[in-house]
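# Structural characterization, general
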Amino acid sequence: MADTAAQKGMAVPLSAFAAGAVVALLIGVFGKVHDPTLAGTTTLGFDTVIAMKVVVSTVIGVLAVLQLIGALWIYGKLGVRAPSWLGAAHRISGAIALVLAVFVAYHCLWALGLESGRLDDGEKVAPRTVVHGVLGCVVFGAVVVKVVAVRSRRAPGWFLPVAGGLLFALLVAVVLTSAVWYLGAKGWPGSGGY
Ligand code: HEM
């Protein structure tokens, strides 16, 4: 009897991770086969698409940290009672971070793709760029896992915090390998960087 409950508990996480892996893979395949073009992209009024991505990704990074603090507060890890509005605030800022991440990722995938090996001009793709691109695909797999964890009523108790932690870690890693790298290497967009 106990076994069946444990097996049932694992069915939801395993299928969520499988679905997430498929989504990440499909995004990666698209990033490889798609012909990169700037047509269909926007700078949102910034000098370049890269400048726009750096600024929006910085906002995503800040929201991700706020999401983690909110989640720790909701789970009572901060030693202070969570206010009644925190759950709703966590969901809203989470949705905003997700929409912004999809927007930036679209610009990466559409205008650059999943770069690896050598570019058309023979330039070797930097390991940072490869890692960033792969993490950029995997982060959307983690979004699928998180959504299943939030919605499922039959998942084991550990699944939601693990899904949330995974999404946080991947999103921060994507921002570190792009916007934070850019800010370190070239400064704030428009301040003399290109
Ligand atoms: C979906 C998969 C993604 C792929 C394949 C991808 C790919 C790329 C590539 C090839 C570059 C150029 C890197 C360079 O040569 O400097 C880039 C830049 C950038 N990406 Fe992505 N990316 C993805 C997702 C994301 C996401 C989700 C974010 C933000 C949350 C992001 C933020 C940025 C930023 C800010 C830059 C400009 C800074 C830089 O040059 O690294 N990307 N991306």
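Residues numbered from 1 in each chain as written. Predicted model: local features only at pLDDT ≥ 70, side-chain atom pairs only at ≥ 80, totals over all residues. Heavy atoms only, no water.

This next bit is on the overall build of the protein. Scanning the protein from terminus to terminus reveals five helices and zero strands. Listing each helix as α and each strand as β along the protein from the N terminus yields α-α-α-α-α. Referenced to the eigenvectors of the C-alpha coordinate spread, the extents of the protein come out at roughly 60 × 35 × 25 Å. Long-range contacts, defined as pairs at least 24 residues apart, comprise 71% of the intrachain contacts of the protein with a sequence gap of at least 6. A distance of 20 Å separates the average location of the 14 positive side-chain charges in the protein from that of its 7 negative side-chain charges. (Helix = DSSP H or I, 4+ residues; strand = E, 2+ residues; numbered from the N terminus. Contact = heavy atoms within 4.5 Å. Lys, Arg positive; Asp, Glu negative; His and termini not counted. Charge placed at Lys NZ, Arg CZ, Asp CG, Glu CD.)

Turning our attention to the coordination of the iron atom of the ligand. Binding of the iron atom of the ligand to the protein goes through Cys 108 (SG) and His 132 (NE2), at separations of 2.0 to 2.3 Å. What the six donor atoms of the iron atom of the ligand show is an angle range of 88 to 178° at the metal, which sorts the shape as octahedral. You can see Cys 108 sitting in helix H3 (residues 86–111) and its partner His 132 sitting in helix H4 (residues 127–151), a full 24 residues away along the chain. The two residues Cys 108 and His 132 agree in class, both being buried. (Donors = N, O, S within 2.8 Å, 3.2 Å for Na, K, Ca; no water. Tetrahedral: all angles 85-135°; square planar, octahedral: opposite > 155°, others 65-115°. Buried < 20%, exposed > 50% of the residue type's maximum accessible area, 1.4 Å probe, protein only.)

Taken together, the side chains of Asp 35, Asp 120, Asp 121 and Glu 123 define an acidic patch exposed on the protein surface. Structurally, Asp 35 can be placed in the loop between helix H1 (2–33) and helix H2 (49–74). (Patch = residues over 30% accessible without salt bridge, like charges linked within 9 Å, V, L, I, M, F, W, Y side chains within 5 Å. Areas by Shrake-Rupley, 256 points an atom, 1.4 Å probe, with all protein chains shown as cover. Salt bridge = Lys/Arg side-chain N within 4 Å of Asp/Glu carboxyl O.)

Next up on the list: the nonpolar core. Counting residues in each nonpolar core, the largest one holds 26 residues, and the members touching the most others are Ile 60, Val 139, Phe 140 and Leu 171. Counting residues per element, the ones that place at least two in this core are H2, H3, H4 and helix H5 (159–186). Here the element with the most residues in this core is H5; it accounts for seven residues. Discounting chain neighbours no more than four positions away, the residues touching Leu 171 are Ile 60, Ala 64, Ala 101 and Val 139. (Core = buried A, V, L, I, M, F, W, Y, C linked by side-chain atoms within 4.5 Å.)

To describe a pair of aromatic rings, you give the distance between the ring centres and the angle between the ring planes. Throughout the structure, instances matching the rule amount to six aromatic pairs. An angle of 70° between the planes, with centres 5.9 Å apart, marks the rings of Phe 17 and Phe 159 as edge-to-face. Here Phe 17, found in helix H1, pairs with Phe 159, found in helix H5; they are 142 residues apart in sequence, far enough to count as distant. Residue classification places Phe 17 among the partly exposed positions, given a relative accessible area of 33%. Residue class for Phe 159 comes out buried when judged on its relative accessible area of 0%. Following the ring pairs from residue to residue traces out a cluster consisting of Phe 17, Trp 158 and Phe 159. Just above the ring of Trp 181 sits the side chain of Arg 128; from NZ or CZ to the centre is 3.5 Å. (Phe/Tyr/Trp six-rings, centres within 6.5 Å; stacked < 30°, edge-to-face > 60°. Lys NZ or Arg CZ within 6 Å of the ring centre and 35° of its normal.)

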